Amino acid sequence: MVNKPIFNYGVISTHSHTVYSDPSTDFRDEYHSCCDQKWMYITWTSTNSSSHQEIWVDAVDIFSGAEATGFPLSIKSDATHNYTRPTIACDVRNAPDDPTFAVAFITNLNTA
């Protein structure tokens, strides 16, 4: 049973890389998160300057609430394809000094 939160991180910023919302899909497909013993990872789809969907990830230290150096990080982006439905994974038993994760996503090659 959880009586109260252990940590209060407040708002975790996407640094102007807003979460892309597609009304034709389930809202749970727009972002994904996971946590190991040191980092909380969040990945989401955003729209780039070419109006195509791109994949971003952020890593936040679960003890201090501080964002990892160099994050948020663009995982995949270009001017001709859409990348959607990101999923992130990590080793929940690990406590790495630096963020360690894997991101999978769908690539739509039929966009121009």
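Here the structure is shown first, and the text comes after it.
Because the structure is a prediction, the values reported are computed rather than measured.

Engineer: Explain the pairing of strand S3 (residues 53–61) to me, using residue names and the numbers behind them.
Structural biologist: A large share of S3 lies buried, amounting to 9 of its 9 residues. Here S3 shows two buried faces, one formed by Gln-53, Ile-55, Val-57, Ala-59 and Asp-61 and the other by Glu-54, Trp-56, Asp-58 and Val-60. Direction of pairing for strand S2 (residues 39–47) relative to S3: antiparallel, over a ladder of 9 bridges. Looking at S3, one finds that Thr-47 is bridged to Gln-53. The loop that links S2 with its antiparallel partner S3 comprises 5 residues; one of these, Ser-51, has a positive phi angle of about 65°. Strand direction decides the pairing type here: S3 and strand S4 (residues 73–76), joined by 3 bridges, are antiparallel. Among the inter-strand pairings, Val-57 is bridged to a residue of S4, identified as Leu-73.

Engineer: Let's hear about the side chain of Thr-43: which residues, and what values?
Structural biologist: Relative to the assigned elements, Thr-43 resides in strand S2. A polar contact of 2.7 Å, which involves the side chain of Thr-43, links it to the backbone oxygen of Trp-56. Excluding residues within four positions of it along the chain, Thr-43 makes contact with Glu-30, Tyr-31, His-32, Ile-55, Trp-56, Val-57, Pro-86, Thr-87, Ile-88 and Val-103.

Parameters and conventions
- Residues numbered from 1 in each chain as written.
- Predicted model: local features only at pLDDT ≥ 70, side-chain atom pairs only at ≥ 80, totals over all residues.
- Heavy atoms only, no water.
- Buried < 20%, exposed > 50% of the residue type's maximum accessible area, 1.4 Å probe, protein only.
- Helix = DSSP H or I, 4+ residues; strand = E, 2+ residues; numbered from the N terminus.
- Pairing = 2+ DSSP bridges.
- Polar contact = N/O pair within 3.5 Å; in protein donor to acceptor, adjacent residues only side chain to side chain.
- Contact = heavy atoms within 4.5 Å.

Geometric descriptors of this kind do not, in isolation, establish any biological role.
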